[in-house]
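As a plain string of letters, each chain reads:
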There are 2 protein chains.
Amino acid sequence: MLFFVGLGLYGADDVSVRGMSLIRDANYIYLEGYTSLLMGASPDMLSKRYQKPIHVLGREDVEIHPDTLIKQAKTHNVVFLTGGDPMVSTTHADLRIRAAQEGVQTEIIHGASISSAVCGLSGLQNYRFGKSCSIPFPYRNWMPRTPVDTIEQNRTHDLHTLVYLDIQPKRYMQIHEAIDILITLYETADPPLCMPELYIGIARAGSDEPEVYAGNLAQILSHDFGSPLHILIVPASLHHIEQEYLMTFAHLLP
Amino acid sequence: MLFFVGLGLYGADDVSVRGMSLIRDANYIYLEGYTSLLMGASPDMLSKRYQKPIHVLGREDVEIHPDTLIKQAKTHNVVFLTGGDPMVSTTHADLRIRAAQEGVQTEIIHGASISSAVCGLSGLQNYRFGKSCSIPFPYRNWMPRTPVDTIEQNRTHDLHTLVYLDIQPKRYMQIHEAIDILITLYETADPPLCMPELYIGIARAGSDEPEVYAGNLAQILSHDFGSPLHILIVPASLHHIEQEYLMTFAHLLP
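Residues numbered from 1 in each chain as written. Chains lettered and ligands numbered in written order. Predicted model: local features only at pLDDT ≥ 70, side-chain atom pairs only at ≥ 80, totals over all residues. Heavy atoms only, no water.

### Some details on the overall build of chain A
- Regarding its fold elements, chain A presents 10 helices and 12 strands.
- Over its C-alpha atoms, taken along the principal directions, chain A stretches across nearly 60 × 35 × 30 Å.
- Burial analysis of chain A (254 residues in total) assigns 56% to the buried set.
- Of the roughly 11000 Å² that chain A leaves accessible, carbon and sulfur atoms contribute 51%.
- Across chain A, the centroid of the 18 positively charged side chains sits 8 Å from that of the 28 negatively charged ones. (Helix = DSSP H or I, 4+ residues; strand = E, 2+ residues; numbered from the N terminus. Buried < 20%, exposed > 50% of the residue type's maximum accessible area, 1.4 Å probe, protein only. Areas by Shrake-Rupley, 256 points an atom, 1.4 Å probe, with all protein chains shown as cover. Lys, Arg positive; Asp, Glu negative; His and termini not counted. Charge placed at Lys NZ, Arg CZ, Asp CG, Glu CD.)

### Describing the pattern of salt bridges
- Following the criterion strictly, the structure yields 16 salt bridges over all chains and no others.
- Taken together, the salt bridges that share partners define one network made up of R128, D158 and E242 of chain A. (Salt bridge = Lys/Arg side-chain N within 4 Å of Asp/Glu carboxyl O.)

### A look at the pairing of strand β5 (residues 106-109) of chain A
Residues and elements named next belong to chain A.
- Going residue by residue along β5, you find T106 and I108 tucked away on one face and E107 and I109 tucked away on the opposite face as well.
- Direction of pairing for strand β1 (residues 2-6) relative to β5: parallel, over a ladder of 4 bridges. Considered in β5, the bridge of F3 is made with E107. (Pairing = 2+ DSSP bridges.)

### Things to note about the sheet that holds strand β10 (residues 199-203) of chain A
Residue and element names in this part refer to chain A.
- On the basis of which strands lie adjacent, the open sheet formed by 5 strands has the order β6-β7-β12-β10-β11 and mixed pairing. Since the sheet does not close on itself, it has two edges, and those belong to β6 (133-135) and β11 (211-215), each with one partner. Going from strand to strand, the sheet's axes swing by 25 degrees on average, the running direction of each strand aside.
- For strand β7 (residues 161-165) and strand β12 (residues 230-234), the ladder comprises 4 bridges, and the chain directions are antiparallel. (Axes fitted to C-alpha atoms, helices over the stretch in contact; angles between N-to-C directions.)

### Digging into the packing of helix α7 (residues 146-156) of chain B against helix α8 (residues 175-187) of chain B
Residue and element names in this part refer to chain B.
- Packing of α7 against α8 leaves a shortest axis separation of 10 Å and a crossing angle of 80 degrees. Classed by the angle they form, the pair α7 and α8 counts as roughly perpendicular. Taking contact as the criterion, the partners of P147, V148, I151, E152 and R155 in α7 are, on α8, L182, L185 and Y186.
- Within the contact of α7 with α8, the residues separate by chemical class into 6 nonpolar, no polar and 2 charged. (Parallel < 35°, antiparallel > 145°, perpendicular 65-115°, else oblique. Contact = heavy atoms within 4.5 Å. Nonpolar A, V, L, I, M, F, W, Y, C, P; charged D, E, K, R; others polar.)

### A closer look at the environment of I108 of chain A
- Along the chain, I108 of chain A turns up in strand β5.
- A residue is classified by how much of its surface remains accessible, and I108 of chain A, at 6% relative accessible area, is buried.
- Sequence spacing of I108 of chain A and T150 of chain A is 42 residues, and the spatial spacing of their C-alpha atoms is 30 Å.
- Aside from chain neighbours lying at most four places away, what touches I108 of chain A is F4, P86, M87 and R96 of chain A together with G120, L121 and Y245 of chain B.

### Side note on the interface of chain B and chain A
- Contacts between chain B and chain A engage 52 residues on the former and 52 residues on the latter.
- Of all residues in chain B, the largest losses of buried area upon contact with chain A belong to V17, I97 and H110 of chain B, amounting jointly to 13% of the total for that side.
- Remark: the boundary between chain B and chain A carries 0 salt bridges.
- Remark: the boundary between chain B and chain A carries 21 residue pairs in polar contact (both at pLDDT 80 or more). (Buried area = accessible area lost by both parts, 1.4 Å probe. Polar contact = N/O pair within 3.5 Å; in protein donor to acceptor, adjacent residues only side chain to side chain.)

### Observations concerning α7 of chain B
Residues and elements named next belong to chain B.
- Of all the residues in α7, the buried ones are P147, V148, T150, I151, E152 and N154.
- Next to the buried residues of α7 lie β6 (133-135), β7 (161-165), α8 and β12 (230-234).
- Positive backbone phi, approximately 60 degrees, marks D158, located one or two places after α7.

### Observations regarding the relation of the copies chain B and chain A
- Superposing chain B onto chain A requires a rotation of 180 degrees together with a translation of 0.0 Å along the rotation axis, leaving an RMSD of 0.0 Å. On the angle and the small slide along the axis, the relation comes out as a two-fold axis.
- The residues that chain B uses at the interface reappear at the interface of chain A in 100% of cases, marking a shared surface. (Least-squares fit on C-alpha atoms with pLDDT ≥ 70 in both.)

### Digging into the environment of R96 of chain A
- For R96 of chain A, the location among the structural elements is in helix α5 (residues 90-101).
- The exposure class assigned to R96 of chain A is buried, which follows from its relative accessible area of 10%.
- Note: C-alpha distance between R96 of chain A and F4 of chain A (92 residues apart in sequence) is 8.6 Å.
- Those residues within four positions of R96 of chain A in sequence are excluded, and the remaining contacts are F4, M87, T106 and I108 of chain A together with G120, Y245 and F249 of chain B.
- A distance of 2.9 Å separates a polar atom in the side chain of R96 of chain A from a polar atom in the side chain of T106 of chain A.

### Remarks on the pairing of strand β2 (residues 28-32) of chain A
Residue and element names in this part refer to chain A.
- Where burial is concerned, most of β2 is hidden: 4 out of the 5 residues are buried.
- Note that β2 and strand β3 (residues 55-57) share 3 bridges and pair parallel. Within β3, the residue paired with L31 across the bridge is V56.
- For the handedness criterion, the β-α-β arrangement of β2, helix α2 (residues 43-50) and β3 is classed as right-handed. (Right-handed = clockwise from strand over helix to strand, strands pointing away.)

### Focus: the side chain of S115 of chain B
- Its location among the elements puts S115 of chain B in helix α6 (residues 114-122).
- For S115 of chain B, the side chain forms a polar contact with the side chain of S113 of chain B, separated by 3.0 Å.

### Quick look at the confidence of the model for chain A
- Looking at chain A, the pLDDT average stands at 95 and 100% of residues meet or exceed 70.
- Note on the complex model: pTM 0.96, ipTM 0.96. (pLDDT = per-residue confidence, 0-100.)

### Observations regarding the sheet that holds strand β11 (residues 211-215) of chain B
Residues and elements named next belong to chain B.
- The 5 strands lie next to each other as β6-β7-β12-β10-β11, forming an open sheet whose pairing is mixed. In the strand order of this sheet, the two ends are held by β6 and β11, each with one partner. Strand-to-strand twist of the sheet, defined as the mean angle between neighbouring strand axes without regard to direction, takes the value 25 degrees.
- Judged from the 5 bridges that link them, strand β10 (residues 199-203) and β11 form a sheet pairing that is antiparallel. From the neighbouring strand, A203 faces β11, where its bridge partner is E211.
- Docked against the sheet, α8 engages β6, β7, β10 and β12, running at close to 45 degrees with respect to β12.

### Here's the deal with helix α4 (residues 67-75) of chain B
Residue and element names in this part refer to chain B.
- Listed in full, the buried residues belonging to α4 are L69, I70, Q72 and A73. An end-on view of α4 places all buried positions within 160 degrees of arc, on one side of the element. Seen from the buried face of α4, the exposed residues on the opposite side, beyond 90 degrees, are D67, T68, K71 and T75.
- Tucked inside the fold, the buried residues of α4 contact β1 (2-6), β2 (28-32), β3 (55-57), β4 (78-82) and α5 (90-101). (Arc of directions from axis to C-beta.)

Okay, here's the thing in structure tokens:
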């Protein structure tokens, strides 16, 4: 059997009790090491916590050579660990399909995900978010216009936008880098576009010291969010409670 | 200190290890009993699992009379339990604001949420969802048109729609009831609208036997989803992997 277990957001104890129990009973433990990361727990720390060896998998292991893992799952209990909630990434969906084609039973053990955690941390209501988008690191000065298209489309409908920031090996995009990219994209828009007035930055969601800060361009650029991971929200108009929440927990000025 | 702890989706062991540890160390345990529910764990079962008494709170206790809870949190460790991920509901945001105004420190312990769980269960990719909506039980034959507006707005942008179904005391809307309401809303639209072709129903997300089924109107209406909770997705066009996933895990016909 193959269990896809979500590890949650930050530390080794953010997995569910049920997930931890499956990990402890598992014959083989694999950790997906390329789309998501627990900043509060290295593979070594997880291995010590579980008192078991962990095999860290690269993208090729999962996408091209998952044969060993699938074969083991035919006769043993195998857990496949990912940060957040499993299956958000297409490569995991593909792995589950391949396993099923080989006759392997699969089950998903859900974990806390950044996509809902941002609601609690910012006080912005879930049903007021539109489509999300992501900002990749520029490649030879080229950057896709998708983030601005998505933000503007959502603003037209008075919807908040959750903006995922790029995660590369040992390089995590910070909020001020994302804002710099947005400034460039808005400045070069044709026809010209006005930038949104308010931004909410969140760092280290799921840890016991998350940083949540709401402000205008100048304020957010000069705020020190500290260590990664970072994520950004571009809010639409604020409802009364959303505004009060941000004033109370995110330094928003009246 | 006041900890908002998310219980996750279904059973008593869907809370995080960190959340469970805070519950076991807490002086007072409150369970929010009106916006979300664990179908796999009654308050009695939770109380036995924690080996501690639980106080179940109604809406009035939280919205109008949270004074006792807040007072206790000034000198003791209090946990406030909710299904899913905390703070998705405005009333909890308001409680956290009130606590802060009284000088009480607060922290959020995140839990798995249906909003991300549907991605893993259906294989639909997170970034392809637009705004979500909900269908309430009709009140004297009146039903809001919002669900159709949202679904159609999302379809215009080729985005999936997550449709929450009403949860009332001892009455949980089922998928076929939601579909019946959608049929009425589409039939009475002015100008007339064509209904979407494909629907995905999900029952008992987070349990070890979730039911996921994708089909057209006739198929979904005749499918038996079993016991609650139910939720519905109205997908936009399907990407290749999304389609293959639904064919493999949700009975979608080619």
